[in-house]
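The chain contents come next:
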Amino acid sequence: MNHITYPIIFENAFDESFCNKILNTDKNLEFKKGKISYEDSVSLDVRHSNVKFIEGEWLYKALDPFFQEANKKGNWNFQFDWYEPAQITNYNKNNFYNWHSDDFEKPYPSDNSNINFHNKIRKLSCSLLLSNKFKGGSLDFVKTFSIDGKISLQKVNVQLHNIGDLIIFPSFIHHKVNPITEGVRNSLVVWALGKPYD
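**A few points about the overall build of the chain**
Okay, so step 1: A tally of helices and strands in the chain yields 2 helices and 15 strands.
Okay, so step 2: Relative to the 2.2 N^0.38 estimate, which gives 16 Å for 198 residues, the radius of gyration of the chain is 16 Å and therefore close to what a compact globule would have.
Okay, so step 3: Projecting the C-alpha coordinates of the chain onto the three principal axes gives extents of approximately 50 × 40 × 35 Å.
Okay, so step 4: The proportion of buried residues among the 198 residues of the chain is 48%.
Okay, so step 5: Here the contacts in the chain between residues at least 6 apart in sequence split such that 81% fall between residues at least 24 apart.

Okay, here's the thing in structure tokens:
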């Protein structure tokens, strides 16, 4: 996989008014503690943040061109054809999300209530920055290499600075959100679904 490039970053992909529209969507919907996806449970040692989910054709239509472009720029060439509900994530001071990947061990079951999820997996993940009045909260990604028969890990640190900055990467890549040291970090996370890899 050394031929692929990640993450792909689009600076100022969206303006502040678009990001505020996201924050104001279903504004009365209550935030809940973020869960660990593979356990479907809250574990504050791993993840300490608040989330809520929104949907809207306008949102997916705006994000889709960036997913398509990142898929080409990263040399991933993944097949995907649907998006999960979008997650607004709220990180307050000292909140974080430790090392994890966004994919699951198995595809969504064929009896899922949404037919568009049937037998599909998460292929791509994106994070759109919705606020900038915070410190900390950078993203770390892991890249692996083999040198002289030994595994070598490289940590890549990314700090998004501007409201509207967008980052996209394969969902199987391990990553983390470092602790917020000041202020509040809001972001939108969306996952693209497709058929399992051949």
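Next comes the rest of the write-up.
**A closer look at the side chain of Asp165**
Okay, so step 1: With respect to the helices and strands, Asp165 occurs in the loop between strand S11 (150-158) and strand S12 (166-170).
Okay, so step 2: Despite its burial, Asp165 pairs with no opposite charge, the nearest such side chain being Arg185 at 9.5 Å.
Okay, so step 3: From its side chain, Asp165 meets the backbone nitrogen of Asn12 in a polar contact 2.7 Å long.
Okay, so step 4: Excluding its chain neighbours within four sequence positions, the residues that come into contact with Asp165 are Phe10, Glu11, Asn12, Ser127, Leu128, Leu129 and Leu160.

**Observations concerning the pairing of strand S7 (residues 96-100)**
Okay, so step 1: Note that strand S3 (residues 47-48) and S7 share 2 bridges and pair antiparallel. Note that in S7 the partner of His48 across the bridge is Phe96.
Okay, so step 2: When S7 meets strand S13 (residues 175-177), the two strands line up antiparallel, connected through 2 bridges. When the bridges of S13 are listed, Tyr97 appears paired with Val177.

**Looking at the pattern of salt bridges**
Okay, so step 1: In total, this model carries 5 salt bridges according to the counting rule given.
Okay, so step 2: Residue Lys135 pairs with Glu182 through a salt bridge whose shortest N-O separation is 3.9 Å. Highlighted residues: Lys135 in strand S9 (residues 134-136) and Glu182 in strand S14 (residues 180-183), separated in sequence by 47 residues.
Okay, so step 3: Looking at Lys135, the relative accessible area reads 48%, which means it is partly exposed.
Okay, so step 4: On the basis of relative accessible area, Glu182 is assigned to the partly exposed category, the value being 43%.

**Re the pairing of strand S6 (residues 86-91)**
Okay, so step 1: Among the 6 residues in S6, 6 count as buried, and that is most of the element.
Okay, so step 2: The two faces of S6 match: Ala86, Ile88 and Asn90 on one face and Gln87, Thr89 and Tyr91 on the other face are all buried.
Okay, so step 3: As paired elements, strand S4 (residues 50-54) and S6 share 5 bridges and run antiparallel to each other. Looking at the pairing, Lys52 lines up with Ile88 of S6.

**Re the sheet that holds strand S10 (residues 139-147)**
Okay, so step 1: One open sheet holds the 5 strands; their spatial order is S3-S7-S13-S10-S11, and the pairing between them is antiparallel. At either end of the open sheet lies a strand with only one pairing partner, and these are S3 and S11.

**Here we look at the environment of Leu153**
Okay, so step 1: Residue placement: Leu153 occurs in strand S11.
Okay, so step 2: Using a relative accessible area of 60% as the deciding quantity, one classes Leu153 as exposed.
Okay, so step 3: Separated by 11 residues in sequence, Leu153 and Val142 place their C-alpha atoms 6.6 Å apart.
Okay, so step 4: Dropping the residues within four chain positions of it, Leu153 is found in contact with Val142, Lys143 and Thr144.

So, how was this worked out
Residues numbered from 1 in each chain as written. Predicted model: local features only at pLDDT ≥ 70, side-chain atom pairs only at ≥ 80, totals over all residues. Heavy atoms only, no water. Helix = DSSP H or I, 4+ residues; strand = E, 2+ residues; numbered from the N terminus. Rg over C-alpha atoms; globule rule 2.2 N^0.38 Å. Buried < 20%, exposed > 50% of the residue type's maximum accessible area, 1.4 Å probe, protein only. Contact = heavy atoms within 4.5 Å. Lys, Arg positive; Asp, Glu negative; His and termini not counted. Salt bridge = Lys/Arg side-chain N within 4 Å of Asp/Glu carboxyl O. Polar contact = N/O pair within 3.5 Å; in protein donor to acceptor, adjacent residues only side chain to side chain. Pairing = 2+ DSSP bridges.

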